[in-house]
Amino acid sequence: MTQGERRIPARRTVLGAAGATVLGASTTLTTGGTAQAAPDTAGAASAAAGRGHGYRSLPVPTVIAHRGASGYRPEHTLGSYRHALDLGAHVIEQDLVPTRDGHLVCRHENDITGTTDVADHPEFASRRTTKSVDGVSLTGWFTEDFTLAELKTLRAKERIPAVRQENTLYDGRWTIPTFEEVLRWAEEEGRRRGRRIWLHVETKHPTYFRGLGLGLEERLARLLRRYGRDRADSPVFLQSFEPTSVQRLAKLVDSPGVVLLSGPTSRPWDFVQAGDPRTVADLVTPKGLRWIASYAQGIGPSLDLVIPKDAGGRLGDPTTLVRDAHRAGLILHPYTHRNENSFLPAEFRRGTDPTAYGDSFGALKRYLATGIDGIFSDNPDTALLGAADLTGRD
């Protein structure tokens, strides 16, 4: 399929979300009980599913924009975050890494080789180096070797241009945002849109950075307190693949925590460093989930932990993870839904072009039917329509 042909399904999802906005518009209540204007999001269709206060007030299924609307804009830019809100996302995700002078910036990794134009800056050529990050050898440029002022001379670009060729149109348009800039942006967007802007914030490689004297949790907690997002009902989730990072944050602020979980045989890096023999498979047992529930409010498992794939890449039967996590009082926000064939289970791929859109709605139906509370998506408009299919709301 050519690049031009790919625009058709993408445009359809956007138009569909716009239609859902019109059909689903209604007056809603914020957590504090104040009446607000009709939402400007497609998520209004499922808003009534949310119950309670704080994160329990969010629509179910909750659609979390993975690094913003990264299926349509270069990830972790204000343009990607803003587009996600325009498409209707309920929550916007940020990944945090530090600069050399201790500022928290939004990048999926501290290696910025593939997400910025740093390689085009001769003044930084000597900064290219090889490091071991969480046991993996990487060669490139790293945020911890730059001051914030230096990082601000760089421009963001599309991380996977071979898959998302249209996103390269926006290369160079935005800088790397600091998390404080995102907090201010969220306040402004909240006032403009008449609702609270929810964030899903991940500490990246916290043990590695603590070893460099750049601990993430204390810096993050100070910013959360400064901007009033440190309470149990604050519109923010704090997440990490390292359980001890979530535990550390729980001692600093009351914001809800989420433990991210990857493959069943993997071990969180903080466990590796501490000699803790437990794997993810141990953490997703009822016992492991009760342990997580002692300091966190949710888990973010890979979708494969919810429904495993067989050797051919096709979905099998769901595991008991959703049931077991709910029994422990935990919500589930699995990752990551994407529209492209290369990211979909085998039975939902269409045609032979890995960059073309497959049957994304078919895959969403299988995942959402398990009872998960939300899903991370690079294409939040598609995920919102899939959620509407599940709830029966247009």
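Residues numbered from 1 in each chain as written. Predicted model: local features only at pLDDT ≥ 70, side-chain atom pairs only at ≥ 80, totals over all residues. Heavy atoms only, no water.

1. Considerations on the overall build of the protein chain
Along the protein chain, the regular secondary structure elements total 14 helices and 11 strands. Put simply, the protein chain has 394 residues, and 56% of those count as buried. A total of about 16,000 Å² of accessible surface is found on the protein chain, and carbon and sulfur atoms cover 52% of it. (Helix = DSSP H or I, 4+ residues; strand = E, 2+ residues; numbered from the N terminus. Buried < 20%, exposed > 50% of the residue type's maximum accessible area, 1.4 Å probe, protein only. Areas by Shrake-Rupley, 256 points an atom, 1.4 Å probe, with all protein chains shown as cover.)

2. Topic: the pairing of strand β7 (residues 236-240)
For β7, the buried fraction is high: 5 of the 5 residues fall into the buried class. Side chains of β7 alternate between two faces, with Val-236, Leu-238 and Ser-240 and Phe-237 and Gln-239 buried alike. Inspection of the sheet shows strand β6 (residues 198-203) paired to β7 by 4 bridges, in the parallel sense. Counterpart to Val-201 in the pairing with β7 is Leu-238. Once you follow β7 into helix α7 (residues 243-252) and on to strand β8 (residues 257-261), the crossover reads as right-handed. (Pairing = 2+ DSSP bridges. Right-handed = clockwise from strand over helix to strand, strands pointing away.)

3. Remarks on the packing of aromatic side chains
In the structure shown here, the tally under the stated rule is 9 aromatic pairs. Summarising the aromatic geometry, the rings of Tyr-170 and Trp-174 are spaced 6.0 Å apart at their centres and angled 20 degrees between planes, so their arrangement reads as stacked. The exposure classification of Tyr-170 matches that of Trp-174, with both residues buried. Ring-pair connections join several aromatic residues into one group, and the members of that group are Tyr-55, Trp-198 and Phe-237. Over the aromatic face of Phe-146 sits the side chain of Arg-127, whose NZ or CZ is 5.0 Å from the ring centroid. Its guanidinium or amino end placed over the ring of Trp-291, Arg-278 lies 4.1 Å from that ring's centre, counting from NZ or CZ. (Phe/Tyr/Trp six-rings, centres within 6.5 Å; stacked < 30°, edge-to-face > 60°. Lys NZ or Arg CZ within 6 Å of the ring centre and 35° of its normal.)

4. Some points on the side chain of Thr-116
Considering the arrangement of structural elements, one finds Thr-116 in the loop between β3 (104-106) and β4 (129-133). Separated by 2.9 Å, the side chain of Thr-116 and the backbone oxygen of Ile-112 make a polar contact. A polar contact of 3.2 Å, which involves the side chain of Thr-116, links it to the backbone nitrogen of Val-118. The residues contacting Thr-116, other than those within four sequence positions of it, are Arg-107, Leu-154, Arg-155, Ala-156, Lys-157 and Ile-176. (Polar contact = N/O pair within 3.5 Å; in protein donor to acceptor, adjacent residues only side chain to side chain. Contact = heavy atoms within 4.5 Å.)

5. Topic: the environment of Arg-225
For Arg-225, the position within the fold is in helix α6 (residues 216-226). C-alpha of Arg-225 to C-alpha of Leu-252: the two residues are 27 residues apart in sequence and 9.6 Å apart in space. What Arg-225 contacts, discounting residues up to four positions off in sequence, is Asp-230, Leu-252 and Val-253.

6. A short note on the pattern of salt bridges
In the structure shown here, the tally under the stated rule is 26 salt bridges. Here Lys-131 and Asp-145 are joined by a salt bridge, their closest N and O atoms 3.0 Å apart. Here Lys-131, found in strand β4, pairs with Asp-145, found in the loop between β5 (136-140) and α3 (148-151); they are 14 residues apart in sequence, far enough to count as distant. The shortest N-O distance in the salt bridge between Arg-350 and Asp-359 comes to 3.5 Å. (Salt bridge = Lys/Arg side-chain N within 4 Å of Asp/Glu carboxyl O.)

7. Examining helix α13 (residues 360-368)
Every buried residue belonging to α13 is among Ser-360, Gly-362, Ala-363, Leu-364, Tyr-367 and Leu-368, and all of these are buried. On its buried face, α13 sits against α11 (303-306), β11 (374-377) and α14 (380-391).

8. Description of the nonpolar core
Counting residues in each nonpolar core, the largest one holds 47 residues, and the members touching the most others are Ile-92, Phe-179, Leu-199, Val-201, Leu-220 and Leu-238. What Phe-179 contacts, discounting residues up to four positions off in sequence, is Gln-94, Leu-96, Leu-104, Val-105, Cys-106, Leu-199, Val-201, Leu-220, Leu-223 and Leu-224. Core analysis: the second largest hydrophobic core is formed by 34 residues, Leu-283, Ala-296, Val-306 and Val-322 among them. (Core = buried A, V, L, I, M, F, W, Y, C linked by side-chain atoms within 4.5 Å.)

9. Notes on α7
Listing the buried residues of α7 in full gives Pro-243, Ser-245, Val-246 and Leu-249. Looking straight down α7, one finds that the buried residues subtend no more than 160 degrees of arc, so they occupy a single side. (Arc of directions from axis to C-beta.)

10. Remarks on the side chain of Thr-355
Mapped onto the elements, Thr-355 comes out in the loop between β10 (331-332) and α13. For Thr-355, a relative accessible area of 10% puts it in the buried group. Reaching out from Thr-355, the side chain makes a polar contact with the side chain of Asp-353 at a distance of 2.9 Å.

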